[in-house]
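Architecture and fold: a report
Next come the chains, spelled out residue by residue.
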Amino acid sequence: MGRRKDLGLLAVRLGTGGVLAVHGAQKLLGWFGGGGIGGTAKVMESLGFRPGTPSAIASGAAELGGGILLALGLATPAAGAAVAGGMSGAVSVHRPAGFFATAGGYEYPAYLGFVSAVIGVTGPGRYSLDRLLGYRLDRPRLVLLSFALSAAATSVVVARRETALAAQQQEHKEPHMPS
């Protein structure tokens, strides 16, 4: 039974990590029709993530780096936590549209973040680089530390975004006085 679970974890890691890595490559490298850092930075700014370039790099790195690490089963807690944090930021963008992706909602990033978090907590299984390295980068204390740091950073980033959006809305409501 153990080998079946490990094969299942490998399949989930490869699938989830692959999807994430491709999305991150769009953001960072402009591959697969993506905007690269410049285009992603502009989008991030328009979504309230400021400054745009560091936000684009962080988002792309969480997806590309986290996706690759998840697929390889390397530093699995840190990879799962980084992706979960990045997807939490994406959920904050899509939240106003509701749950379902068909209406522009947060269903898809929530699912990717959830699966990544589960892999980060569960561990990569037998068929992983973490196992080959004696699980040095997949220890219980690293799970706690990785998820605590990711949650703290995500909370700050999302709160800053919401503050920036509220200020932007207020600016558009106030009448501009001629100089």
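A short tour of the structure in this document, coming up.

Turning our attention to the packing of aromatic side chains. Within the structure shown, the criterion is met by three aromatic pairs. A centroid spacing of 6.2 Å and a plane angle of 80° characterise the contact between tryptophan 31 and phenylalanine 32, whose relative ring orientation is edge-to-face. Note on phenylalanine 99 and tyrosine 106: the rings are 5.4 Å apart at their centroids and 85° apart in plane angle, and the pair reads as edge-to-face. Residue classification places tyrosine 106 among the partly exposed positions, given a relative accessible area of 25%.

Attention now moves to the nonpolar core. Considering soluble globular proteins, one finds that nonpolar side chains tend to be buried as a cluster. In terms of nonpolar packing, the biggest core is built from eight residues, these being Leu20, Leu70, Ala79, Val83, Met87, Leu112, Val115 and Ile119. Contributions of two or more residues to this core are made by α4 (76-94) and α5 (107-122). With residues up to four places along the chain from it excluded, the contact list for methionine 87 reads Leu20, Glu63, Pro109, Leu112 and Gly113.

This part is about the side chain of threonine 16. Inspection of the secondary structure assignment puts threonine 16 in helix α1 (residues 2-29). In this structure, threonine 16 is in contact with Leu112, Val115 and Ser116, ignoring residues within four places of it in sequence.

For helix α3 (residues 52-72), which comprises 21 residues, the first-to-last C-alpha distance of 29 Å matches the rise-based estimate of 30 Å (1.5 Å per residue) to within 8%. Taken residue by residue, α3 has Gly52, Ser55, Ala56, Ser59, Gly60, Ala62, Glu63, Leu64, Gly66, Gly67, Leu70 and Ala71 as its buried positions. Against α1, α2 (36-46), α4 and α5 lie the buried residues of α3. Among the residues trailing α3, glycine 73 stands out with phi positive, at a value near 70°.

Right, let's talk about helix α7 (residues 140-173) for a bit. Here α7 spans 49 Å end to end across 34 residues, near enough to the 50 Å set by a 1.5 Å rise per residue. Along its buried surface, α7 packs onto α4 and α5.

Next up on the list: the environment of proline 109. By secondary structure assignment, the location of proline 109 is in helix α5. Taking the C-alpha atoms as reference, proline 109 lies 8.7 Å from histidine 94; in sequence the two are 15 residues apart. Residues within four places of proline 109 in sequence aside, it is in contact with Met87, Ala90, Val91 and His94.

Procedures and definitions
- Residues numbered from 1 in each chain as written.
- Predicted model: local features only at pLDDT ≥ 70, side-chain atom pairs only at ≥ 80, totals over all residues.
- Heavy atoms only, no water.
- Phe/Tyr/Trp six-rings, centres within 6.5 Å; stacked < 30°, edge-to-face > 60°.
- Buried < 20%, exposed > 50% of the residue type's maximum accessible area, 1.4 Å probe, protein only.
- Core = buried A, V, L, I, M, F, W, Y, C linked by side-chain atoms within 4.5 Å.
- Helix = DSSP H or I, 4+ residues; strand = E, 2+ residues; numbered from the N terminus.
- Contact = heavy atoms within 4.5 Å.
- Expected span 1.5 Å × (residues − 1).

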